[in-house]
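Structural characterization, general
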Amino acid sequence: MASTVVISKGAPTRTVKYGSMSRDRIWALRWSYFFLALFAIFSLVPPLYMLITSLKSSAEISAATNPWWVFHPTLENYISLLTSNQFLRFFWNSAWVSIVVVTITMLISVPAAFALARMRFWGSATLATGVFLTYLIPDSLLFIPLFKMFAVVGDWTGIQLINRWYVLLLIYPTLTVPFCTWIMIGYFASIPKELDEAAIIDGASWFQTLTRIFIPVALPGLIAATIFAFTVSWAQFLYPLVFTTSTDQLVLPVGIITSLIKGDVFNWGQIMTGALLGAAPPLIIYAFLMDYYIAGLTAGATKG
Amino acid sequence: MADVTLRKVIKRYDEVEAVRGIDLDIADHEFVVLVGPSGCGKSTTLRMIAGLEDITDGDIMIGGDVVNDVPPKDRDIAMVFQNYALYPHMTVAENMSFGLRLKRFPKAEIKMRVDEAARMLDIAELIDRKPKQLSGGQRQRVAMGRAIVRHPKVFLFDEPLSNLDAKLRVQMRIEIKKVHQKVRTTTVYVTHDQVEAMTLADRVVVMNHGRIEQIGTPNDLYHNPATRFVAGFIGSPAMNFVPCRLEDVAGKLHIRLTDRIAFPLPPKRAARYQGVARNEKMLLGLRPEHIAEAKAHPQPGVEAFDTVLDVTEPMGMETLIYFTLEGAQICGRVNPNAGAHDGAPMRLAVDLNNMHLLNEVTGVVL
């Protein structure tokens, strides 16, 4: 009897005994989990709905059953899309455009950011701000003048750019280069000045300082910029819609809409499947690069 | 190996003149320390020698060649920075060999030099680690190793120990001295810490407001400072300055501190100050160790007086005492057994054989 009294008295004092700091922490955690759950539901419901719908036949989609459940799962949407040359063409166009745009963007913005962040020259600060300002102009304002420009270029030189997928290789960098340059300026500016001075004294040229010191040290920033450039070019809708019209020139987002909506007939199952398949590459790239991204951040790589 | 010469070197940033015409000759193998308060131009001077800053006017010569327009990489120098500036993505070995790899040295030669430097600096077992896995002291060793493997003409150190804690700083100071004894490379070392300057240097260059105040060996600067700035900057606790005037009493030269206190000058000092105007405001400079408890049998030139202590600081091997004289706070060093304690009256003695007399206006030591 005596021993049980001791235990029942001792136990509560021990469980309550977490000072004010840990009590705060527990509440902070509860709130973070609450909002985390809220955001998770908010962002995961649409892809979930896409997945459910993509597994249904057209008949089941139009039937008046529970839209959140698949009664007769089928892969027919996946099979028909993945065996359709047209869809694979869209996919191929998208992939090709995105990869080339990311490459062009990085080749321009990394040296540009290095020059603007480190080589102090007349007007470099103004130019850096100007780079950012160009990004602030909404792209939906630019497509009409751009269209006109390419039409004029076509008239004068005979080089046909409208309705060719490679016109996008000229347009997308105007969206990605300013922002990526801006990100990289920030990352390069956070690298201590002594690091490039040490490299210069060690005998490195500007180019070697960039390739052997700055790029490896600012790798997290480089990955962030790559992800951004890829996302922009993969998901861009307005520009390809305006500049390309023939089905063999279309990229995935526009291709899905134009080929799977026939008049007022919406092929929902295939649209959802196409959207889901289209979302896969960025997802894979995120998953792959995020590890490096976070590893780079936590390494505190820029602190000498 | 080379000597370094600066001729009337000036550095101007827009309106501000950071370095105002410096002349300096650094001999081959010499270890020279530039010391001074922040903003005195010492780091700028070092960076101009490195080639990281352009010079506005004058000439810098390394090994007899004018290098004003030579880029840093062709000056054959190596530099150690305050924040180490190690390449974070490279291992210790890669950090140290970076310069040699850029110059396409043979691999065997690189390995030999890196191993040699790593052994010398006692970091051989850290060779495969990344900088973030190293402590501050180890990082500083790697930074030094990176300089050593290049076998440069000149080492430049820019406050290399400022980021380390006090104990490690003392240890690294000895380490730097040992390295210099082994490799004997001409070294220019910048610090704001006068103790570091005194302990490391063959010669110390004291700078203030972009000018050189005095150049000399550590002992030279300590015992024969040229100006009030040098006298006050070198030595810790700092030299005391007391307002005073010279006067002739019965044909002998006396120094008067207060209405009550006046001492006859020892013959050597009297001869030296014979030409100084009488009854003009001067400053008496006395180091704390020349103010001590009065002994029963005073030495010639050591004069006693009575005062009341304000504060005492027992340091173990000695006790620092503070008292006020003519509005100036004076520090002295007494034997811990001399009975000094806060607020106590005490009979002290000043050693006038080691006094300095300064012109109060110009600050020049007479």
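Everything numeric here is computed off the predicted structure, so don't read it as measured data.

**Description of the overall build of chain B**
When helices and strands are counted, chain B shows nine helices and 21 strands. For the C-alpha atoms alone, the extent of chain B along its principal axes is close to 80 × 45 × 35 Å. A buried classification covers 40% of the 366 residues belonging to chain B.

**A few points about the sheet that holds strand S13 (residues 262-264) of chain B**
All names here are of chain B. Strands sit in the order S13-S12-S11-S14-S21 across an open sheet of five strands; the sheet is antiparallel. Edge positions in the sheet fall to S13 and strand S21 (356-359), since each of these pairs with one other strand and no more. Between one strand axis and the next, the sheet turns through 40 degrees on average, direction left out of account. Sheet topology places strand S11 (residues 240-249) next to strand S14 (residues 282-286); five bridges connect them, and they run antiparallel. Bridged to valine 242 within S14 is leucine 284.

**Some details on the nonpolar core**
Soluble globular proteins tend to pack their nonpolar side chains together in the buried interior. Core analysis: the biggest nonpolar cluster contains 154 residues, and Phe188 of chain A together with Val33, Leu156 and Val188 of chain B have the highest contact counts within it. The leading source of residues in this core is helix H8 (residues 167-189) of chain A, at 13 residues.

**Concerning the confidence of the model for chain A**
Atomic detail in the predicted coordinates should be set aside for any region of low pLDDT. All names here are of chain A. Scored by pLDDT, chain A comes out at a mean of 84, with 89% of its residues at no less than 70. Per-element averaging of pLDDT across chain A places helix H1 (residues 2-16) at the bottom with 47 and helix H5 (residues 85-118) at the top with 93. This model gives residues 1-12 a pLDDT under 50, and the stretch forms zero contacts once residues within four places in sequence are excluded. For the stretch residues 298-304, pLDDT sits under 50, and the model shows 18 contacts to residues farther than four places along the chain or on other chains.

**Observations concerning helix H10 (residues 206-217) of chain A**
Residues and elements named next belong to chain A. Helix length check: H10 (12 residues) gives 15 Å between terminal C-alpha atoms against 16 Å at 1.5 Å per residue, within 8%. All of the buried residues in H10 are Thr209, Leu210, Arg212, Ile213, Phe214 and Val217. Looking at the buried positions of H10, the neighbouring elements they touch are H5, H8 and helix H9 (193-201).

**Here we look at unusual backbone geometry**
Residues and elements named next belong to chain B. Following serine 236, the chain continues to proline 237 via a peptide bond in cis, the omega torsion being -5 degrees. By the element assignment, proline 237 lies in the loop between helix H8 (228-233) and S11. The residue asparagine 279 is not glycine, and still its phi comes out positive at about 60 degrees. With respect to the element layout, asparagine 279 can be found in the loop between helix H9 (267-272) and S14.

**Notes on the interface of chain B and chain A**
Contact with chain B, which involves 20 residues of that partner, is made by 19 residues of chain A. Looking at the side of chain B that touches chain A, the elements with two or more residues in it are strand S6 (77-80) and helix H2 (92-102) of chain B. Its residues assigned to classes, the side of chain B that touches chain A shows 14 nonpolar, three polar and three charged.

**Overview of the packing of H5 of chain A against helix H13 (residues 252-260) of chain A**
All names here are of chain A. In contact at an axis separation of 8 Å, H5 and H13 are set at 155 degrees when each is read in the N-to-C sense. Here H5 lies roughly antiparallel to H13, going by the angle between them. Here the hand of the crossing between H5 and H13 comes out right-handed. Residue-level contacts link Gln86, Phe90, Phe91 and Ser94 of H5 to Leu252, Gly255 and Ser259 of H13. Tallied by class, residues from the contact of H5 with H13 come to three nonpolar, four polar and no charged.

Conventions adopted
- Residues numbered from 1 in each chain as written.
- Chains lettered and ligands numbered in written order.
- Predicted model: local features only at pLDDT ≥ 70, side-chain atom pairs only at ≥ 80, totals over all residues.
- Helix = DSSP H or I, 4+ residues; strand = E, 2+ residues; numbered from the N terminus.
- Buried ≥ 20, exposed ≤ 12 C-beta atoms within 10 Å, placed from the backbone.
- Pairing = 2+ DSSP bridges.
- Axes fitted to C-alpha atoms, helices over the stretch in contact; angles between N-to-C directions.
- Core = buried A, V, L, I, M, F, W, Y, C linked by C-beta atoms within 7 Å.
- pLDDT = per-residue confidence, 0-100.
- Contact = placed C-beta atoms within 7 Å.
- Expected span 1.5 Å × (residues − 1).
- Nonpolar A, V, L, I, M, F, W, Y, C, P; charged D, E, K, R; others polar.
- Parallel < 35°, antiparallel > 145°, perpendicular 65-115°, else oblique.
- Left-handed = near helix turned anticlockwise from the far one by under 90°.

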